[in-house]
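The residues making up each chain are set out below.
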Amino acid sequence: MERLGFALGETLEPGDLLILTGPLGAGKTTFTRGLAEGLGVRGPVQSPTFVIARTHPSLIGRAPLVHVDAYRLGSGAELDDLDLDLARSVVVIEWGRGMAEDLADSWWDVELERPVGSDDDLDPSELDADAPRVVTITRVTASAA
């Protein structure tokens, strides 16, 4: 997941929005950690679950990374209230599907799947970090959504 994130991170520009979707333990934060390394931003990159959003400034003169966890947000309006710097940053929103699509004219939809039972029966400590993942990355424009 980190290598994939790194490869994509090297190509991203200010204004790029990524919406990450996947169950608990699918690798959303791990993917973002690699993406951050590809962007050359300051770490460490951790899940912003309780702070909602973290900004990681660039160490090499590229765009900063804004890492958002929308899991605890109730609506797109709450996400919009965060006043994210979309134009000058690369913004990654975990759990953002259904809330973040109105923030930009286009975005990267990143779907991560993992081969584990239902989330209700899942103990996060039992997740196999090395289990294969299926990742689907789609460039979406608002007019096509």
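Asker: Can you explain unusual backbone geometry? Please cite residues and give values.
Answerer: Omega for the bond connecting Gly 43 with Pro 44 falls within 30 degrees of zero, at 5 degrees, which places this linkage in the cis form. By the element assignment, Pro 44 lies in the loop between α2 (28–39) and β2 (53–56). Positive phi, close to 60 degrees, is recorded for Trp 95, a residue that is not glycine. Among the secondary structure elements, Trp 95 is positioned in the loop between β4 (90–94) and β5 (106–113). Given a relative accessible area of 28%, Trp 95 falls into the partly exposed group.

Asker: So, the sheet that holds strand β1 (residues 17–21): which residues are in play, and what are the values?
Answerer: One open sheet accounts for 6 strands, arranged β2-β3-β4-β1-β5-β6; its pairing is mixed. The sheet is open, and its two borders are formed by β2 and β6 (134–141), each paired with just one other strand. Pairwise comparison of adjacent strand axes, ignoring direction, gives a mean angle of 15 degrees for this sheet. With 4 bridges connecting them, β1 and β5 associate as parallel partners. Paired with Leu 20 across the bridge in β5 is Val 110. On top of the sheet, α2 reaches β1, β3 (65–69), β4 and β5; it is set at about 170 degrees to β4, its chief contact.

Asker: Got a sec to walk through the layout of surface pockets? Specific residues and values, please.
Answerer: Empty space among the atoms can be located by rolling a probe the size of a water molecule over them. As a volume, the largest pocket reaches approximately 380 Å³. Leu 24, Gly 25, Lys 28, Thr 29 and Glu 94 are, among the 16 residues lining the largest pocket, the residues nearest its centre. Sorting elements by how many residues they give to the lining of the largest pocket places α2 first, with 4 residues. Taken together, the residues of the lining of the largest pocket break down into 5 nonpolar, 6 polar and 5 charged.

Cut-off values and rules
Residues numbered from 1 in each chain as written. Predicted model: local features only at pLDDT ≥ 70, side-chain atom pairs only at ≥ 80, totals over all residues. Heavy atoms only, no water. Helix = DSSP H or I, 4+ residues; strand = E, 2+ residues; numbered from the N terminus. Buried < 20%, exposed > 50% of the residue type's maximum accessible area, 1.4 Å probe, protein only. Pairing = 2+ DSSP bridges. Axes fitted to C-alpha atoms, helices over the stretch in contact; angles between N-to-C directions. Contact = heavy atoms within 4.5 Å. 1 Å grid on protein atoms, 1.4 Å probe; cavity = no way out; pocket = protein on both sides within 12 Å on 5 of 7 lines; lining within 4 Å. Points joined across faces, edges and corners; volume = space filled by probe spheres on them. Nonpolar A, V, L, I, M, F, W, Y, C, P; charged D, E, K, R; others polar.

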